[in-house]
There are 2 protein chains.
Amino acid sequence: MIISINKRLTYTDRSIIMRAMTNIPDTKQHILDTAATLFHTQSYGDVGIATICKEAGVSKGSFFHFFPSKQDLGVAVLEQFREKINATLVAKAFSSQYPPMERLLRFVHELYQFQKDQVDQHGHLPGCPFGNIVMEQATQDDVLRTKADGCIRSIANHLRTAVTDAVQSGELPPLDESATAEAMFGYLEGIQLMAKARNDPELIRTLGPAVTSIRVPRPIQ
Amino acid sequence: MIISINKRLTYTDRSIIMRAMTNIPDTKQHILDTAATLFHTQSYGDVGIATICKEAGVSKGSFFHFFPSKQDLGVAVLEQFREKINATLVAKAFSSQYPPMERLLRFVHELYQFQKDQVDQHGHLPGCPFGNIVMEQATQDDVLRTKADGCIRSIANHLRTAVTDAVQSGELPPLDESATAEAMFGYLEGIQLMAKARNDPELIRTLGPAVTSIRVPRPIQ
DNA sequence: AAATGTATAGACCGGTCGGTATAGATCGCG
DNA sequence: CGCGATCTATACCGACCGGTCTATACATTT
């Protein structure tokens, strides 16, 4: 494709050039990505719309054209995190080619790498994007709370599959599979929280593997 | 004690009467208690100083007379939570009169009751005061992060004693006692987080007891 | 009684918050 | 070309933010 440099560039031209040069997709997606990073590395409450706009190089008019409110942006950011985490960390770890319990250990390793990379990049361990929103906004904003809860359930569901497979293969004794998967996910949230409190990803590496020791027995009849 | 009602009441007189009549201690403590409730039931970031003053029936001048900044107040609130939780939930559960592992189950029950009472009172499950601050402020404010981390370690230390006792008594096999205690505490943080995400304290009751299944093996030499 | 320290009250500060209004630029489409 | 839809830019809004300042009331010390 050739774009003449003699004519005055239209928005479309600039958009095409931007996309080709910087891999920045359309404005809405760019706002979304910028907000996701800022919300995760700082926090939802402490990052204002003006900051997001400045960081994304976008005007407030554009922002409110695509997102009717900050809350809508927050929900969209959560949904994008869910998709991205399911497509990367979860997909890598929960492949059925690995024995069920090994999947859990691989997931722990993915979490460790993820948080460690963030520390190396930003100097702070950001923790879980969903856990952060829950702790910060659950008592204030029911929409965000419900959305974050949905994201948590979505990811925890992959754990449940692994637990079910492990029981079937005999790697785990009979137990309450759903509850055990939830307990395991809770454990991973908790050690990410403690790692964030210390700003030290090593805690995930040392304590993470113990996720395989968690067992919630079947309710007695 | 008798206070004459004929003379004009001094501040000290009124203070004495107030304390006797309303059980409200001195102003600083009252601000602290009000802020603790607001921070816990809402969040640190979303509760302003003006709100705290109004709720406590205190002027801004008084506030800044006792607390040089919101951050200092935050640290004081965390410290008070640490003392209060150690004096109540922890003290009730971790009495050496109970077998070590029973202490853990009792602590879970205390956590359940605590969060359930909050739900009944305020309609929302507030979660752990330290975990909330960590998730919200750890990447922004190193002072608050460090203080919250200290509070977490302080409480986790009681878990470690129980784990050590359990290993000694044979209730638990040999394992990394400190790491296991940390893992257990992380687990409890995690299920409180998930309970907050669902606004449902029952999750603590059903998943909590599995804390006794967590084991971090001793590092191989 | 004077002086000093402690506590309280509230107006006030610059800055930021989420969100709106309006005008203009650019788009696809007829 | 012209028209309506889409998108961008920015000034602006009232509310609130953490924090300062000044004035005053009272207690304590001398």
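Residues numbered from 1 in each chain as written. Chains lettered and ligands numbered in written order. Predicted model: local features only at pLDDT ≥ 70, side-chain atom pairs only at ≥ 80, totals over all residues. Heavy atoms only, no water.

### Things to note about the overall build of chain A
Rule in force here: The way it works is that DSSP assigns letters per residue, a run of H or I at least four long becomes a helix, a run of E at least two long becomes a strand, and they are numbered from the N terminus. Burial here depends on accessible area, computed with a 1.4 Å probe over protein chains only, as a share of the maximum for the residue type. Under 20% is buried, over 50% is exposed, and the range in between is partly exposed. Whether two residues are in contact is decided by their heavy atoms: any pair within 4.5 Å suffices. For accessible areas, the Shrake-Rupley method is used with a probe of radius 1.4 Å. Any residue's cover is judged against the shown protein chains and nothing else.
Summing up its helical and strand segments, chain A has ten helices and zero strands in all. Along chain A, helices and strands appear, N-terminal first, in the series α-α-α-α-α-α-α-α-α-α. Out of the 221 residues belonging to chain A, those deemed buried represent 50%. Put simply, of all contacts in chain A between residues at least 6 apart along the chain, 63% involve residues at least 24 apart. Carbon and sulfur atoms form 53% of the exposed surface of chain A, whose accessible area is close to 10,400 Å².

### Concerning the confidence of the model for chain A
The following threshold applies: Each residue carries a pLDDT value, the predictor's own confidence for that position, ranging from 0 to 100.
Here chain A shows a mean pLDDT of 91. Residues at 70 or above account for 89%. Counting interchain partners and residues more than four positions distant, the pLDDT-below-50 stretch residues 1-24 of chain A has 16 contacts.

### With respect to the nonpolar core
Heads up, the rule is: To form a nonpolar core, buried Ala, Val, Leu, Ile, Met, Phe, Trp, Tyr and Cys residues must be joined to one another through side-chain atoms within 4.5 Å.
Membership of the largest hydrophobic core comes to 142 residues, with the highest contact counts inside it found for A:Leu73, A:Tyr187, B:Leu73 and B:Tyr187. Other than its neighbours up to four places away in sequence, A:Tyr187 contacts A:Leu207, A:Gly208, A:Ala210, A:Val211, A:Ile214, B:Ala183, B:Tyr187 and B:Ile214.

### Remarks on the packing of aromatic side chains
What counts is decided by this rule: Stacked, tilted and edge-to-face are the three classes assigned to paired rings of Phe, Tyr and Trp, where Trp is represented by its six-membered ring and a pair needs centres within 6.5 Å; plane angles under 30 degrees give stacked, over 60 edge-to-face, the rest tilted. In this scheme, Lys NZ or Arg CZ marks a charge over a ring once it lies within 6 Å of the ring centre and within 35 degrees of the ring normal.
Going through the model one piece at a time under the given rule, you end up with eight aromatic pairs over all chains. Ring plane angle 50 degrees and centroid distance 5.1 Å describe the contact between A:Phe94 and A:Phe107, whose orientation is recorded as tilted. Remark: A:Phe107 occurs in helix H6 (residues 100-122) and A:Phe94 occurs in the loop between helix H5 (70-93) and H6; sequence separation between them is 13 residues. Just as A:Phe94 is buried, A:Phe107 falls in that class too. An aromatic cluster is defined as three or more aromatic residues linked by ring pairs; in this entry it consists of A:Phe63, A:Phe64 and A:Phe67. In this structure, A:Lys28 is placed above the aromatic ring of A:Phe67, and the distance from its NZ or CZ to the ring centre is 5.6 Å. Over the face of the ring belonging to B:Tyr44 we find B:Lys70, whose NZ or CZ atom lies 4.6 Å from the ring centre.

### Observations concerning the packing of helix H8 (residues 142-169) of chain A against helix H9 (residues 177-198) of chain A
Residue and element names in this part refer to chain A. We apply this condition: Between N-to-C directions, angles cover 0 to 180 degrees, with each direction set by a line fitted to C-alpha atoms, over the stretch in contact for helices. An angle below 35 degrees is read as roughly parallel, one above 145 as roughly antiparallel, one from 65 to 115 as roughly perpendicular, and any other as oblique. Handedness of a helix crossing follows the sense of rotation of the near helix relative to the far helix, less than a right angle counterclockwise being left-handed and clockwise being right-handed. For this scheme, ten residues count as nonpolar: Ala, Val, Leu, Ile, Met, Phe, Trp, Tyr, Cys and Pro. Four count as charged, namely Asp, Glu, Lys and Arg, and the remainder, Gly too, count as polar.
At a minimum axis separation of 8 Å, H8 and H9 run at an interaxial angle of 125 degrees. Relative to H9, H8 is oriented oblique. Handedness of the H8/H9 crossing: right-handed. Where H8 approaches H9, its residues Ile152, Ile155, Ala156, Leu159, Arg160, Val163, Thr164 and Val167 are matched on the opposing element by Glu177, Ser178, Thr180, Ala181, Met184 and Phe185. Counted by class, the contact of H8 with H9 contains nine nonpolar, three polar and two charged residues.

### Focus: the pattern of salt bridges
Oppositely charged side chains can pair when the atoms bearing their charge come close. All names here are of chain A. The criterion, for reference: The term salt bridge refers to a pairing of a side-chain nitrogen on Lys or Arg with a carboxyl oxygen on Asp or Glu at a separation within 4 Å.
This model, assessed by the stated rule, comprises 24 salt bridges over all chains. When the shortest N-O distance is used, the salt bridge between glutamate 79 and lysine 147 registers 2.7 Å. With glutamate 79 in helix H5 and lysine 147 in helix H8, the pair connects residues that are 68 residues apart, well separated along the chain. Here glutamate 110 ties to lysine 92 by a salt bridge, and the two come within 3.8 Å at their closest N and O atoms.

### Things to note about the side chain of A:Asp141
All names here are of chain A. Selection rule: Just so you know, the count uses Lys and Arg for positive and Asp and Glu for negative, and it drops His and the chain ends. Each polar contact in these results corresponds to two N or O atoms within 3.5 Å; when the atoms are within protein, one needs to be able to donate a hydrogen and the other to accept it, and residues that are neighboring in sequence are counted only if both atoms are side-chain atoms.
Inspection of the secondary structure puts aspartate 141 in the loop between helix H7 (129-137) and H8. No salt bridge is formed by the buried aspartate 141; its nearest oppositely charged neighbour, arginine 145, is found at 8.2 Å. A polar contact is formed between the side chain of aspartate 141 and the backbone nitrogen of leucine 144, at a distance of 3.1 Å.

### Here's the deal with the interface of chain A and chain B
Going by this rule: Summed over both partners, the accessible area (1.4 Å probe) lost when two parts come together is defined as the buried area.
Listed per partner, the contact involves 44 residues of chain A and 44 residues of chain B. Taking both sides of the interface into account, the surface hidden between chain A and chain B amounts to around 3,800 Å²; carbon and sulfur atoms contribute 63%. A salt bridge links A:Asp149 to B:Arg198, with the nearest nitrogen and oxygen atoms 3.8 Å apart. Counting across the chain A and chain B interface gives 14 residue pairs in polar contact (both at pLDDT 80 or more).

### Description of the relation of the copies chain A and chain B
Threshold: A residue counts toward the fit only if its pLDDT is at least 70 in both copies, and the copies are then superposed by least squares on the C-alpha atoms of those residues.
With an RMSD of 0.0 Å, chain A superimposes on chain B once it is rotated by 180 degrees and translated 0.0 Å along the axis. These values place the two chain copies in the arrangement generated by a two-fold rotation axis. Of all interface residues in chain A, 100% are interface residues in chain B too; the two copies therefore contact each other through one and the same surface.

### What about the environment of B:Ile49?
All names here are of chain B. With respect to the secondary-structure elements, isoleucine 49 resides in helix H3 (residues 49-56). Of the residues examined, isoleucine 49 reaches a relative accessible area of 17% and is grouped as buried. Excluding anything up to four places from it in sequence, isoleucine 49 contacts Lys60, Phe63, Phe64 and Lys70.

### Examining unusual backbone geometry
Residues and elements named next belong to chain A. At asparagine 199, a position not held by glycine, the phi torsion is positive, near 55 degrees. Take asparagine 199: it is sitting in the loop between H9 and helix H10 (202-207). Classification of asparagine 199 as partly exposed rests on a relative accessible area of 22%.

### Quick word on helix H5 (residues 70-93) of chain B
Residues and elements named next belong to chain B. Here is the rule: By this rule, a helix spans an expected 1.5 Å times one less than how many residues it contains. One fitted axis covers the seven residues ending at a residue, a second covers the seven starting there, and the bend at that residue is the angle between these axes.
In this model, H5 (24 residues) spans 33 Å end to end at C-alpha, consistent with the 34 Å of a helix rising 1.5 Å per residue. At asparagine 86, H5 shows its largest kink, close to 40 degrees. Those residues of H5 that are buried lie in contact with helix H2 (27-41), H3, helix H4 (60-66), helix H6 (100-122), helix H7 (129-137) and helix H8 (142-169).

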